[in-house]
Amino acid sequence: MASPELPSPSPELPHLEPPVEAAEDGLEESRMPVLEHLRELRIRLIRSVLAIGVGFMIAYFIADQLFNALTWPIRDVSHGKVLLIGTGVGEAFFTKIKVALVAGLFIASPAVFYEIWKFIAPGLYTRERRMALPFIVFATIFFAAGGYFCWAVVFKIGYAFFLSEYSSIGITPTIRISEYLAFSAKLMLAFAVTFEMPIFAFFLTRLGMIDHTMMLRQFRYAILGIFVVSAALTPPDMVSQFLLAIPLLLLYALSIGVSYIFRERKSMEVAQDTAS
């Protein structure tokens, strides 16, 4: 009798490697968040530039009045004795362009702050996204307040000092309008940006990223950073640097107070939510 046939062993299946296309698709999927963030950043930047362009066109129609306002502090402290001159054929035209551009940035600041908020909003909780309007309003107010403080207070102090140096050596100053504008615009924008410090302290505190104790611990480093920033943002002279550094120190102290008040308030809100 024939012996029963044993079943032949099944052939071993080869190990299948994942297709290259699938691996690449997974890699592309992992890259998508970064690419989406970059795309969102590009959209926000384009919209901000367009808003500044609209502000520039509005400001250009009143560039003459804006230039007169910008030069008022130095004419006031010199009692009209300082002479502003132009040495290039197109210097007056380009001066108007620059004045309108700086003014356009202030005019468009609400739209720019809106785009900043829209860029960071996806990373916030629903409750935190409700702070959009307060952020835009107060950021705009402090931005304009910084520029106004520079124009009304800092310019007078700074120009009075610089002109007194001319008087001490018996020289009547004659200043190019392009140099005056570059100096004034840089200083004004520096003050406008640094006046945002309490606003960012408020929102970073509400988001739980900083608190007053951390700011107090870092106070020594903050002083060093403030003087470094002042030197970077202002023209290369000690007077301008101190004129920016002193308000910055006061703003940092104010930011500590803002962080203390609203950190405590947030703790109370969290406690009430837990109790309920």
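Cut-offs used in this document
Residues numbered from 1 in each chain as written. Predicted model: local features only at pLDDT ≥ 70, side-chain atom pairs only at ≥ 80, totals over all residues. Heavy atoms only, no water. 1 Å grid on protein atoms, 1.4 Å probe; cavity = no way out; pocket = protein on both sides within 12 Å on 5 of 7 lines; lining within 4 Å. Points joined across faces, edges and corners; volume = space filled by probe spheres on them. Helix = DSSP H or I, 4+ residues; strand = E, 2+ residues; numbered from the N terminus. Nonpolar A, V, L, I, M, F, W, Y, C, P; charged D, E, K, R; others polar. Salt bridge = Lys/Arg side-chain N within 4 Å of Asp/Glu carboxyl O. Buried < 20%, exposed > 50% of the residue type's maximum accessible area, 1.4 Å probe, protein only. Axes fitted to C-alpha atoms, helices over the stretch in contact; angles between N-to-C directions. Parallel < 35°, antiparallel > 145°, perpendicular 65-115°, else oblique. Contact = heavy atoms within 4.5 Å.

Thoughts on empty space enclosed by the protein
At step 1: Scanning all chains against the criterion turns up 1 cavity of 30 Å³ or more.
At step 2: Computed from the structure, the largest cavity encloses a volume of approximately 30 Å³.
At step 3: Residue lining of the largest cavity: Val154, Phe155, Gly158, Tyr159, Phe162, Phe183, Leu187, Ser240 and Leu243, and that is the complete set.
At step 4: A total of 5 residues in the lining of the largest cavity trace back to one element, the largest contributor, which is helix 6 (residues 132–168).
At step 5: Classifying every residue of the lining of the largest cavity gives 7 nonpolar, 2 polar and no charged.

Brief notes about the pattern of salt bridges
At step 1: By the definition in use, this model includes 5 salt bridges.
At step 2: Lysine 156 is paired through a salt bridge with aspartate 76; the nearest N and O atoms lie 3.4 Å apart. On the criterion of sequence distance, the pair formed by lysine 156 in helix 6 and aspartate 76 in helix 2 (residues 63–77) is long-range, its members being 80 residues apart.
At step 3: Taking the relative accessible area as the measure of exposure, aspartate 76 reaches 31% and is therefore partly exposed.
At step 4: For glutamate 91, the salt bridge is made with arginine 176, and the minimal N-O distance between the two is 3.5 Å.

Quick look at the packing of helix 3 (residues 91–107) against helix 7 (residues 177–194)
At step 1: Running from amino to carboxyl end, helix 3 crosses helix 7 at an angle of 5°, the nearest separation of the two axes being 10 Å. With respect to each other, helix 3 and helix 7 are oriented roughly parallel. Across the interface between the two elements, Glu91, Ala92, Thr95, Lys98, Val99, Val102, Leu105 and Phe106 from helix 3 touch Ile177, Ser178, Leu181, Ala185, Met188, Leu189 and Ala192 from helix 7.
At step 2: When its residues are assigned to classes, the contact of helix 3 with helix 7 shows 11 nonpolar, 2 polar and 2 charged.

A closer look at the layout of surface pockets
At step 1: The volume enclosed by the largest pocket comes to roughly 370 Å³.
At step 2: What lines the largest pocket is a set of 15 residues, and nearest its centre among them are Leu66, Leu70, Ala103, Phe106 and Met188.
At step 3: When contributions to the lining of the largest pocket are tallied by element, the ones reaching two or more residues are helix 2, helix 3, helix 6 and helix 7.
At step 4: Looking at which element gives the most residues to the lining of the largest pocket, the answer is helix 3, with 5 residues.
At step 5: Among the residues forming the lining of the largest pocket, the class breakdown is 14 nonpolar, 1 polar and no charged.
At step 6: Its boundaries defined by the atoms lining it, the second largest pocket holds a volume of some 280 Å³.
At step 7: Forming the walls of the second largest pocket are Ile74, Tyr159, Phe162, Leu163, Tyr166, Thr174, Ile175, Arg176, Glu179, Tyr180 and Phe183.
At step 8: In terms of residues, the lining of the second largest pocket owes the most to one element, helix 6, which gives 4 residues.
At step 9: When grouped by side-chain class, the residues that make up the lining of the second largest pocket number 8 nonpolar, 1 polar and 2 charged.

Keep in mind these numbers describe shape, not what the thing actually does.
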